[in-house]
Amino acid sequence: MHIHSFIQAALKEDVGPGDYTSLATVNQDAQGKAQLLVKDEGILAGVEMALQIFEEVDPSLQVQTFMTDGASIQHGQIVLEVQGNAQSILKAERLVLNCMQRMSGIATYTKRMVNLLEGTRSQLLDTRKTTPNFRIAEKWACKIGGAVNHRFALYDMILIKDNHVDYAGGIKVALEQAIAYNQKHQLGLAIEIEVRNESELDEVLAIGGVQRIMLDNFSPDRLRDAIRKINGRFITEASGGITEKTLRAYGETGVDYISMGALTHQIKSLDLSLKAKKA
């Protein structure tokens, strides 16, 4: 989903046939000014999203930004100031805040995890464990926080996971069919396969034809042995139950990527508010 389409759908959900409270209480010609205030600490995300929301709601709104995505924020700071038609500001308010608060929470947590990997060769990956219809914003926030975006959806990579393997009838069948399908339809997609144990890894190494191997639920010691066996032939990724407490240990194994679903679920949104500024 493109950002423009997301914003339109979100506004349709929130505004529907009209913001009747604003229409009933505020003169249609009334002009206003509001400031987006920080009431928390962390990493700011969603400023560029907010600008596009204001533009979609009312192109005549004038927005001045004082901070950019990725900035460290503290209580009391002003992120931006918007002025123009008061009804338009009120219409955009909740969508702007919902996006920025959630995105900033994700960026803040992601940045903390990225910092834990400092000094290792491992890079942090996000996942598809996102809020339906909000993935574009959540993955954007992960990137702002310093993570690398994994595949966006089911269509931009062939990622053979455990259920695919089981339904297909095994590693060999699943992998060979994926390679053939990719070639037949000229998709040109990267192929990644998940392995659950050393036996499955040996099968993949014997067949080849992939760009990346995901080592799922391997302990750091087993992961280190597997990476040694792979010996640089394929990009490596660790996944499965990796937490803030264990992340550094996985990073020290030499694995290329570490994927964490926690980057986009069970996240605490940062506290931001949009307050009318008196003339």
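Cut-offs used in this document
- Residues numbered from 1 in each chain as written.
- Predicted model: local features only at pLDDT ≥ 70, side-chain atom pairs only at ≥ 80, totals over all residues.
- Heavy atoms only, no water.
- UniProt positions renumbered as here; feature names shortened; annotations may be inferred.
- Pairing = 2+ DSSP bridges.
- Helix = DSSP H or I, 4+ residues; strand = E, 2+ residues; numbered from the N terminus.
- Axes fitted to C-alpha atoms, helices over the stretch in contact; angles between N-to-C directions.
- Contact = heavy atoms within 4.5 Å.
- Phe/Tyr/Trp six-rings, centres within 6.5 Å; stacked < 30°, edge-to-face > 60°.
- Buried < 20%, exposed > 50% of the residue type's maximum accessible area, 1.4 Å probe, protein only.
- Lys NZ or Arg CZ within 6 Å of the ring centre and 35° of its normal.
- Core = buried A, V, L, I, M, F, W, Y, C linked by side-chain atoms within 4.5 Å.
- 1 Å grid on protein atoms, 1.4 Å probe; cavity = no way out; pocket = protein on both sides within 12 Å on 5 of 7 lines; lining within 4 Å.
- Points joined across faces, edges and corners; volume = space filled by probe spheres on them.
- Nonpolar A, V, L, I, M, F, W, Y, C, P; charged D, E, K, R; others polar.

- The protein carries the name nicotinate-nucleotide diphosphorylase (carboxylating) in an unreviewed UniProt entry, which gives Aquirufa beregesia as its organism.
- UniProt, in its Function (unreviewed entry) section for the protein, records the words "Involved in the catabolism of quinolinic acid (QA)."
- Listed under Pathway (unreviewed entry) in UniProt, the entry text for the protein is "Cofactor biosynthesis; NAD(+) biosynthesis; nicotinate D-ribonucleotide from quinolinate: step 1/1."

### A word on the sheet that holds strand β3 (residues 62-65)
Hydrogen bonds along the backbone pair up the strands of a sheet, which may run parallel or antiparallel.
No. 1: Ordered in space as β3-β5-β1-β12, the four strands form an open sheet in which the pairing is antiparallel. Every other strand in the sheet has two partners, leaving β3 and β12 (272-276) as the edge strands with one partner each. Taking each pair of neighbouring strands and ignoring which way they run, the sheet shows an average axis angle of 15 degrees.
No. 2: Here four bridges tie β3 to strand β5 (residues 78-85), and the two strands are oriented antiparallel to one another. Looking at β5, one finds that Gln 64 is bridged to Glu 81.
No. 3: Strands β1 (31-38), β5 and β12 of the sheet are contacted by helix α4 (residues 86-116), whose axis makes an angle of about 155 degrees with β5.

### Topic: the packing of aromatic side chains
No. 1: Scanning all chains against the criterion turns up one aromatic pair.
No. 2: Arranged with centres 5.5 Å apart and planes meeting at 50 degrees, the rings of Phe 6 and Phe 134 form a pair that is tilted. Of the two residues, Phe 6 sits in helix α1 (residues 3-15) while Phe 134 sits in the loop between β6 (123-125) and α5 (135-144), which places them 128 residues apart along the sequence.
No. 3: Accessibility expressed as a relative area gives 6% for Phe 6, which makes it buried.
No. 4: Its end group placed over the ring of Phe 218, Arg 222 keeps NZ or CZ at 4.3 Å from the ring centre.

### Thoughts on the nonpolar core
No. 1: Ile 213 and Ile 258 are the most contacted members of the largest nonpolar core, which totals 80 residues.
No. 2: With twelve residues, the top contributor of residues to this core is α4.
No. 3: Setting aside anything within four residues of it in sequence, one finds Ile 213 in contact with Glu 192, Ile 193, Val 195, Leu 201, Val 204, Leu 205, Ile 230, Phe 234, Ile 235, Thr 236 and Glu 237.

### Here we look at the layout of surface pockets
Rolling a probe over the atoms, with the probe sized like a water molecule, indicates the empty space that remains.
No. 1: A volume near 430 Å³ is recorded for the largest pocket.
No. 2: Around the largest pocket sit 24 residues that line it, and Thr 127, Lys 129, Lys 161, Ser 259 and Gly 261 are the ones nearest its centre.
No. 3: For the lining of the largest pocket, the elements supplying multiple residues, two or more each, are β9 (212-216) and β10 (235-239).
No. 4: Among the residues forming the lining of the largest pocket, the class breakdown is five nonpolar, ten polar and nine charged.

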